Amino acid sequence: MRIVMVGSGYVGLVSGACLADFGHDVICVDKDHAKIEALTRGKIPIYEPGLDAIVAGNVESGRLAFATDLTAAVAEADVVFIAVGTPSRRGDGYADLSYVYAAAKEIAAAVSDYVVIANKSTVPVGTGDEVERIIRETNPDADFSVVSNPEFLREGAAIEDFKRPDRIVIGCEDERAREYMAEVYRPLFLNAAPIFYTRRRTSELIKYAGNAFLATKITFINEMADLCERVGANVQEVARGIGLDNRIGGKFLHAGPGYGGSCFPKDTLALIKTAQDMESPLRLVETVVAVNDQRKRAMARKVIAACGGSVRAKRIAILGLAFKPNTDDMREAPSLSIVTALLDAGAEIAAYDPEAMDSAKPLMPEITYAPDAYSCLEGADALVIVTEWDAFRALDFDRASELLRERLLIDLRNLYDRDDIERLGFRYVAVGR
Ligand SMILES: NC(=O)c1ccc[n+]([C@@H]2O[C@H](COP(=O)([O-])OP(=O)(O)OC[C@H]3O[C@@H](n4cnc5c(N)ncnc54)[C@H](O)[C@@H]3O)[C@@H](O)[C@H]2O)c1
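The present account deals with the structure reproduced in this document. This structure is a prediction, so every number in the text was calculated from the model and none was measured.

**Regarding the site of the ligand**
Argument step 1. Asp30, Lys35, Thr86, Glu155 and Lys266 are the nearest of the 25 residues found near the ligand.
Argument step 2. Between an oxygen atom of the ligand and a side-chain N or O atom of Thr86, the distance comes to 2.5 Å.
Argument step 3. One of the side-chain N or O atoms of Glu155 is found 2.7 Å from a nitrogen atom in the ligand.
Argument step 4. Burial of the ligand by the surrounding chains reaches 89%, relative to a free accessible area of 840 Å².
Argument step 5. Residue assignment for the shell around the ligand shows that the elements contributing at least two residues are helix H1 (10-21) and helix H5 (98-110).
Argument step 6. Here the residues of the shell around the ligand sort into eight nonpolar, seven polar and ten charged.

**Considerations on the nonpolar core**
Argument step 1. Of all hydrophobic cores here, the largest spans 67 residues; its most connected members are Ile316, Ile318 and Leu342.
Argument step 2. A total of five residues in this core trace back to one element, the largest contributor, which is helix H12 (residues 283-306).
Argument step 3. In this view, Ile318 contacts Val339, Leu342, Ile349, Ala350, Ala351, Tyr352, Cys376, Val384 and Val386; residues no more than four positions away in its chain are not counted.
Argument step 4. Ile3, Ile44, Phe162 and Ile170 belong to the second-largest nonpolar core, a separate cluster that totals 42 residues.

**Section: the sheet that holds strand E14 (residues 427-429)**
The pairing of strands in a sheet happens through backbone hydrogen bonds and is either parallel or antiparallel.
Argument step 1. What the six strands build is an open sheet, ordered E11-E10-E9-E12-E13-E14; its pairing is parallel. Among the strands making up the open sheet, the edge pair consists of strand E11 (368-369) and E14.
Argument step 2. Note that strand E9 (residues 315-319) and strand E12 (residues 382-385) share four bridges and pair parallel. Along E12, the bridge assignment pairs Ile318 with Val384.

The rules we used
- Residues numbered from 1 in each chain as written.
- Predicted model: local features only at pLDDT ≥ 70, side-chain atom pairs only at ≥ 80, totals over all residues.
- Heavy atoms only, no water.
- Near = heavy atom within 4 Å.
- Polar contact = N/O pair within 3.5 Å; in protein donor to acceptor, adjacent residues only side chain to side chain.
- Areas by Shrake-Rupley, 256 points an atom, 1.4 Å probe, with all protein chains shown as cover.
- Helix = DSSP H or I, 4+ residues; strand = E, 2+ residues; numbered from the N terminus.
- Nonpolar A, V, L, I, M, F, W, Y, C, P; charged D, E, K, R; others polar.
- Core = buried A, V, L, I, M, F, W, Y, C linked by side-chain atoms within 4.5 Å.
- Buried < 20%, exposed > 50% of the residue type's maximum accessible area, 1.4 Å probe, protein only.
- Contact = heavy atoms within 4.5 Å.
- Pairing = 2+ DSSP bridges.

Put into structure tokens, the structure is as follows:
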């Protein structure tokens, strides 16, 4: 199939490269000239494990190309994916759909023969209807179908997720579009990936419902962690104890500093707004959002308490800035709130992240960035682990002891065993244990 991916960010680039890897002809389009120019030179603008090899291989074989203008590519396409951003609208939390609608207008002006326009961006219920209306209005002669095909990949494991998904959801309103989408994903039938067909509005809601449920699971275990601390229980064991129940499942039950990232915060908020507008409020999700907002700053208070009630003029070493490991994505990362609260309280911050420092620097210009984990510890009064990169799971604590001014580890990801760390002469503060 001839496929155009409009938007070549985390989702568009991974999806485009993987679809090319399946054997389709793919053109990834982006308005960001610097991004396309870098990609054309073989440089990947984001950090995503394995992506460079897939992009290089498919460019080499002629199945993957890049462009800043979609006109020529769309005129030839069978399926055009929209994979542009849908960030929170400043001020009110609704999904900002301006990029989606702008893309729809551009696509409309460029279509010639029948084409399926598949929305991969996460969008509120009814956006597909609006995209259809925009296309019909812009180009009354266009022959097209609008499909919802939400993306479930996780940054850091995006290629594996795209190629071996738990499920593919396709929301469409006509048989012809369904056949086109089946052809796009046919290579995945071989892996027995379940393809779930539904109506467009249902598909749009599935994406939000999924993210809201996962955010709820995380928030549930985070609150349970607080209770564990009060009653002397161990949240990791509570999580394991409930997670072994198949109805609950063990995933997303890791207590920590609260969820962040490019999806959960904005998607839970947008879902709440839709539900309120529909006079069907989702009170559970509203509470999840409120609890999670409080949590990130509460983690800074935890650090301050561990430092004896004040961090004024103290140096705090932060390991991990990205919202999760294996990505350079800083969107809504808990580190942002934690660092800001510690700075507010008078601390000096040194930080290290294996991949996210370039994205973090413009957001937190007032902190020191260390070239590696150990230089970050030099002269620090406390070490705080914020993101659970593998590189932080087996730190050399003998070396750390020599570098730190105080042997204090605040492990916001529960990576370490209390006894092991205390035996080394450290004070150890964890989450819910
Ligand atoms: N990042 C994730 O892990 C993830 C997972 C699932 C779903 N999603 C959803 O996928 C969508 C995209 O997310 P992302 O993280 O890839 O965003 P992103 O910001 O990394 O990428 C979006 C890209 O679209 C480009 N763009 C905007 N308007 C354009 C236009 N008219 N024409 C061409 N390019 C245009 C931007 O320049 C940018 O490069 C969002 O709706 C998001 O919620 C993201």
